[in-house]
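Chain and residue survey
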Amino acid sequence: WKKVKKGLSAGRVQSVATRLICDREEEIEAFVPQEYWTITAVLAEANGKKSFKASYYGKNGKKAELKNEAEALEVVGAVKNAAFEVANVKNSVLKKSPAPPFTTSTMQQEASRKINFQARRTMQTAQTLYEGVDIKGVGTIGLITYMRTDSTRIAAEAQTAAKGFIISKYGSEYAPKNFRNYKSRKNAQDAHEAIRPTDVTLEPSMVKESLTNDQYKLYKLIWERFTASQMENALVETTSCDINAGGYTFRANGSKVKFDGFTKVYVEGSDTEKKKETALPPIEKGDKLTLKDIENAQHFTQPPARYTEASLVKTLEEEG
């Protein structure tokens, strides 16, 4: 009360949340940064049309860290005038599945990441969408199912409606042959189904003029998440290649979308930044490459990040 605000309660959730935040702060204060270096080579095919980046991986195919500048300069010196040759290329196709429809906690996390809503604002807005909104030309309807739920279960009629909508809007290749069902958490009460639009054919753009800005943003998020959850997997072609030079190994990764699937509608947010990958040029084992540029950079390991509202909600849920 002295430190924060008089009259606050310290209940079974607040106490634990405060403890998590204090523990994390102590971790941050006790953290000792470690130095490390990276080396990035810009390489091109023999005909030199398309260049790409490869990162230092290790020595003779074995992973090794560069702990200081001297080690980094030693590698740069050894490879600067060496021949770069592709040692192996691995191609594969990755299946990416959509995220399940929202529970209360995943909705709060995603609304925090994607539309910058605090948990309270998310719940207040969801309440109005559930209770009913006067939609022009339709009348007053509840746009979403009950917003306090820990279940990812979807009613069969909602799945049937979603499949019909997806086929008519995006084409039959975007609808999986079988309905998608998701497992709820182990200790979920499962009293209500997942949060979803009550009528999937009411697209966000169709109801936008009848909604407040907050209602529209949240409805769009719920609608997209649910629709994507009932769509086909995305297929991504990935390429990983090891390149040898002067006894050292560099690695390049690339990817390109083969079939966009559910990502046509929605991609789940993340608490950490994801590196964007582009496709590598067509290269094969034994190909000789030209070194266009090489640079090294000093880095320091970072302490764990302070909680965002999204990551705190996620941690609380994971810890039961």
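A brief structural summary.

Cut-off values and rules
Residues numbered from 1 in each chain as written. Predicted model: local features only at pLDDT ≥ 70, side-chain atom pairs only at ≥ 80, totals over all residues. Heavy atoms only, no water. Phe/Tyr/Trp six-rings, centres within 6.5 Å; stacked < 30°, edge-to-face > 60°. Helix = DSSP H or I, 4+ residues; strand = E, 2+ residues; numbered from the N terminus. Buried < 20%, exposed > 50% of the residue type's maximum accessible area, 1.4 Å probe, protein only. Salt bridge = Lys/Arg side-chain N within 4 Å of Asp/Glu carboxyl O.

The final tally for this structure, using the stated rule, is eight aromatic pairs. Relative to Trp223, the ring of Phe165 lies with its centre 5.7 Å away and its plane at 85°, an arrangement referred to as edge-to-face. On the criterion of sequence distance, the pair formed by Phe165 in helix H5 (residues 156-170) and Trp223 in helix H7 (residues 213-229) is long-range, its members being 58 residues apart. Overall, Phe165 belongs to the buried group, its relative accessible area being 8%. Given a relative accessible area of 4%, Trp223 falls into the buried group. Ring centres of Tyr174 and Phe259 lie 4.9 Å apart, and the angle between their planes is 40°; this geometry places the pair in the tilted category. Within this pair, whereas Tyr174 is found in the loop between H5 and helix H6 (204-207), its partner Phe259 is found in strand S8 (residues 248-259), the two being separated by 85 residues in sequence. For Tyr174, a relative accessible area of 7% puts it in the buried group. Counting every residue linked through ring pairs, the aromatic cluster contains Phe165, Tyr170, Tyr174, Trp223 and Phe259.

Throughout the structure, instances matching the rule amount to 16 salt bridges. A salt bridge links Glu203 to Lys169; the shortest N-O distance between them is 3.0 Å. Here Lys169 lies in helix H5 and Glu203 lies in the loop between H5 and H6, a separation of 34 residues in the sequence. Judged by its relative accessible area of 42%, Lys169 is partly exposed. Across the pair Glu224 and Lys220 runs a salt bridge, and its minimum N-O distance is 3.0 Å. On the criterion of helical spacing, the pair formed by Glu224 and Lys220 is a turn pair, its members being four residues apart in helix H7. You can call Glu224 buried: its relative accessible area is 16%. Given the relative accessible area of 31%, Lys220 is considered partly exposed. The structure contains a network of salt bridges with shared partners spanning Glu110, Arg113, Arg225 and Glu268.

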